[in-house]
Amino acid sequence: STIPSDEPSTIPSDEPSTMPSDEPSINPCPNGYAEFQNGTLQNELEEFVFGTHFCVGNNACDNFTGKVCRDRSCDGGSSCQNAIAIDGISGRSCIGFSACKGAQVHEIKEKSCTNDKSCMLAKGEKIERNSCYGSKACSGANITNAFDNSCYGTEVCAGANITNA
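Residues numbered from 1 in each chain as written. Predicted model: local features only at pLDDT ≥ 70, side-chain atom pairs only at ≥ 80, totals over all residues. Heavy atoms only, no water.

A. Layout of the overall build of the protein chain. Within the protein chain, the secondary structure is distributed over zero helices and eight strands. In the protein chain, of all internal contacts separated by at least 6 residues, the share reaching a separation of at least 24 is 20%. A total of about 7,800 Å² of accessible surface is found on the protein chain, and carbon and sulfur atoms cover 48% of it. (Helix = DSSP H or I, 4+ residues; strand = E, 2+ residues; numbered from the N terminus. Contact = heavy atoms within 4.5 Å. Areas by Shrake-Rupley, 256 points an atom, 1.4 Å probe, with all protein chains shown as cover.)

What follows is the structure in structure tokens.
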């Protein structure tokens, strides 16, 4: 048995991945979502293990409510802790120490909220397609829609009110 660390399993590169913005994902979560209510996993699957395939790191997903894709989303110590994401977190999103901690966002997907404290305490509707990428990016922000590499860089969009970026 290994003890999970606070570090994400893979360190994100400095450049966002490229995803075509005009081609919607056929299935944003092919391994299915893990559903949580106040930090309690509601649907266990043997082949996709909590702490290995999703919610990786000390305190990851503690007191989380919503859905996390079993694709290594919420990867890093305290990632997704105390967060609410009713429509889900998917596509390797919320990666890094305290990424998405305390966030209240309906949906976060496609490699968004990546790096330490990104999207921490953010509130809003959708963050997608490589948005809020960088240490503390979008932390404390009120977001309606962030997409297509918006809010890229250290502390970019932190505390901002964002309608469509």
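B. Examining the state of the cysteines more closely. A full pass over the atoms with the stated rule returns seven disulfides. Disulfide pairing is shown between Cys132 and Cys138; the S-S distance is 2.0 Å. Every disulfide takes its handedness from the sign of the S-S torsion; for Cys132 and Cys138 that torsion is -75°, giving left-handed. In this structure Cys132 comes out as buried when scored by relative accessible area, which is 0%. Residue pairing for Cys151: its cysteine sulfur links by disulfide to Cys157, the two sulfurs lying 2.0 Å apart. As the torsion about the S-S bond is roughly -80°, the Cys151-Cys157 disulfide counts as left-handed. Residue Cys151 is classed as buried on the basis of its relative accessible area of 8%. By relative accessible area, which is 23% here, Cys157 ends up partly exposed. (Disulfide = S-S within 2.5 Å. Buried < 20%, exposed > 50% of the residue type's maximum accessible area, 1.4 Å probe, protein only.)

C. Local environment of the environment of Lys117. Locating Lys117 in the fold gives a position in the loop between strand S5 (104-108) and strand S6 (123-127). Considering only alpha carbons, one finds Lys117 and Glu155, 38 residues apart in sequence, at a separation of 9.3 Å. Look past the residues within four positions of Lys117 in its chain and what remains in contact with it is Phe97, Ser98, Ala99, Lys136 and Ser139.

D. A look at unusual backbone geometry. Located in the positive-phi region is Cys80, a residue other than glycine, with phi close to 65°. Along the chain, the position of Cys80 falls in the loop between strand S3 (65-69) and strand S4 (84-89). The residue Cys151 is not glycine, and still its phi comes out positive at about 55°. Looking at the secondary structure, you find Cys151 in the loop between strand S7 (142-146) and strand S8 (161-164).

E. Structural view of the nonpolar core. With 31 residues, the main nonpolar core has Phe64, Cys94, Ile127 and Cys132 as its most contacted residues. Mapped by element, the contributors of at least two residues to this core are strand S1 (33-37), S4, S5 and S7. Those residues in contact with Phe64 that lie beyond four places of it in its chain are Phe36, Gln37, Asn38, Gly39, Cys80, Asn82, Ala83, Ile84, Ala85 and Ile89. (Core = buried A, V, L, I, M, F, W, Y, C linked by side-chain atoms within 4.5 Å.)

F. Layout of the packing of aromatic side chains. Taken as a whole, this structure holds five aromatic pairs when the rule is applied. Note on Phe50 and Phe54: the rings are 5.7 Å apart at their centroids and 80° apart in plane angle, and the pair reads as edge-to-face. Here the aromatic rings of Tyr133 and Tyr152 are separated by 5.3 Å at their centres, their planes lie at 20°, and the arrangement is stacked. Of this pair, Tyr133 sits in the loop between S6 and S7 while Tyr152 sits in the loop between S7 and S8, and the two are 19 residues apart along the sequence. Among the residues examined, Tyr152 registers a relative accessible area of 33% and is labelled partly exposed. Here the aromatic residues Phe36, Phe50, Phe54 and Phe64 are joined through ring pairs into a cluster of three or more. Sitting over the ring of Tyr33, Lys67 keeps its end group 4.5 Å from the ring centre. (Phe/Tyr/Trp six-rings, centres within 6.5 Å; stacked < 30°, edge-to-face > 60°. Lys NZ or Arg CZ within 6 Å of the ring centre and 35° of its normal.)

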